[in-house]
Amino acid sequence: MNTQRLRIRLTLSADEVLRYYRGEVDSVLAWTPDGISVRFPVEALRPHVLRNGVQGWFELEFDGNRKFVALHRISD
(Lines give C-alpha, C1' and ligand atoms only; values in the text may rest on other atoms or scores of the structure.)
Protein backbone atom coordinates (compact mmCIF):
# COMPACT_ATOMS: atom_id res chain seq x y z
CA MET A 1 0.00 0.00 0.00
CA ASN A 2 1.33 3.45 -0.95
CA THR A 3 0.84 5.70 2.09
CA GLN A 4 1.54 9.39 2.41
CA ARG A 5 2.03 11.48 5.53
CA LEU A 6 1.34 15.07 6.51
CA ARG A 7 2.44 16.82 9.69
CA ILE A 8 -0.22 18.79 11.56
CA ARG A 9 -0.45 20.70 14.84
CA LEU A 10 -3.56 20.07 16.95
CA THR A 11 -4.65 22.34 19.79
CA LEU A 12 -8.10 21.22 20.93
CA SER A 13 -9.42 22.08 24.36
CA ALA A 14 -11.25 19.51 26.47
CA ASP A 15 -14.54 21.28 25.60
CA GLU A 16 -13.81 21.06 21.87
CA VAL A 17 -13.03 17.35 22.14
CA LEU A 18 -16.26 16.84 24.09
CA ARG A 19 -18.22 18.28 21.13
CA TYR A 20 -16.77 15.52 18.96
CA TYR A 21 -17.71 12.82 21.45
CA ARG A 22 -21.25 14.15 21.75
CA GLY A 23 -21.64 13.64 18.01
CA GLU A 24 -21.98 17.35 17.26
CA VAL A 25 -19.05 17.03 14.83
CA ASP A 26 -17.90 13.89 13.00
CA SER A 27 -14.58 15.00 11.56
CA VAL A 28 -11.59 17.16 12.42
CA LEU A 29 -10.30 19.89 10.14
CA ALA A 30 -6.63 20.77 10.54
CA TRP A 31 -3.89 22.50 8.56
CA THR A 32 -0.30 21.63 7.81
CA PRO A 33 2.35 24.30 8.51
CA ASP A 34 2.36 25.17 4.79
CA GLY A 35 -1.42 25.73 4.68
CA ILE A 36 -2.81 22.46 3.30
CA SER A 37 -6.18 21.66 4.89
CA VAL A 38 -6.93 18.07 5.85
CA ARG A 39 -10.04 16.44 7.27
CA PHE A 40 -10.03 13.14 9.15
CA PRO A 41 -12.48 11.12 11.29
CA VAL A 42 -12.89 12.22 14.90
CA GLU A 43 -12.38 8.62 16.07
CA ALA A 44 -8.67 9.07 15.29
CA LEU A 45 -8.38 11.36 18.33
CA ARG A 46 -9.42 8.75 20.90
CA PRO A 47 -5.93 7.43 21.77
CA HIS A 48 -4.57 10.98 22.05
CA VAL A 49 -7.14 12.64 24.33
CA LEU A 50 -5.78 13.84 27.65
CA ARG A 51 -7.49 15.69 30.49
CA ASN A 52 -6.79 19.06 28.84
CA GLY A 53 -7.84 17.94 25.32
CA VAL A 54 -5.53 17.15 22.41
CA GLN A 55 -2.37 19.16 21.87
CA GLY A 56 0.81 18.51 19.96
CA TRP A 57 2.33 17.69 16.61
CA PHE A 58 0.91 14.71 14.79
CA GLU A 59 1.56 12.84 11.59
CA LEU A 60 -1.53 12.08 9.57
CA GLU A 61 -1.17 8.98 7.42
CA PHE A 62 -3.40 8.35 4.42
CA ASP A 63 -3.44 6.00 1.44
CA GLY A 64 -3.08 6.68 -2.29
CA ASN A 65 -6.83 7.36 -2.49
CA ARG A 66 -6.54 10.01 0.25
CA LYS A 67 -8.36 7.79 2.71
CA PHE A 68 -7.41 8.09 6.38
CA VAL A 69 -5.07 5.35 7.67
CA ALA A 70 -3.69 6.53 11.04
CA LEU A 71 -2.84 9.47 13.28
CA HIS A 72 0.49 9.34 15.17
CA ARG A 73 1.67 11.75 17.88
CA ILE A 74 5.20 12.89 17.12
CA SER A 75 5.77 15.53 19.82
CA ASP A 76 4.06 17.81 22.34
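Treat the numbers as computed from the prediction; the structure is a model and nothing was measured.

Participant: Help me understand the overall build of the chain, please; the structure alone is not making it clear to me.
Facilitator: Looking only at helices and strands, one finds one helix and five strands in the chain. Helices and strands in the chain line up, N terminus first, as β-α-β-β-β-β. In summary, the chain has a C-alpha radius of gyration of 12 Å against a globular reference of 11 Å for 76 residues, a match within 12%. The dimensions of the chain, computed from C-alpha atoms along their principal axes, are 35 × 25 × 20 Å.

Participant: Sorry, what's going on with the side chain of T32 here?
Facilitator: On the secondary structure map, T32 appears in the loop between β2 (27-31) and β3 (37-41). Polar side-chain contacts of T32 include one of 2.4 Å to the side chain of D34. Every residue in contact with T32, bar those within four places of it in the chain, is listed here: L6, R7 and I8.

Participant: Explanation requested: the sheet that holds strand β1 (residues 3-12) in the structure shown.
Facilitator: Hydrogen bonds along the backbone pair up the strands of a sheet, which may run parallel or antiparallel. Pairing in this open sheet of three strands is antiparallel, and the strands run β1-β4-β5 from one edge to the other. Of all the strands in the sheet, the pair left with one neighbour each is β1 and β5 (68-75). Each strand axis lies, on average, 30 degrees off the axis of its neighbour in the sheet, ignoring direction. By the bridge criterion, 10 bridges tie β1 to strand β4 (residues 54-63) in an arrangement that is antiparallel. The partner of I8 across the bridge, within β4, is F58. Packing of helix α1 (residues 14-21) onto the sheet brings it into contact with β1 and β4, and relative to β1 it is tilted by some 120 degrees.

About the thresholds
Residues numbered from 1 in each chain as written. Predicted model: local features only at pLDDT ≥ 70, side-chain atom pairs only at ≥ 80, totals over all residues. Heavy atoms only, no water. Helix = DSSP H or I, 4+ residues; strand = E, 2+ residues; numbered from the N terminus. Rg over C-alpha atoms; globule rule 2.2 N^0.38 Å. Polar contact = N/O pair within 3.5 Å; in protein donor to acceptor, adjacent residues only side chain to side chain. Contact = heavy atoms within 4.5 Å. Pairing = 2+ DSSP bridges. Axes fitted to C-alpha atoms, helices over the stretch in contact; angles between N-to-C directions.

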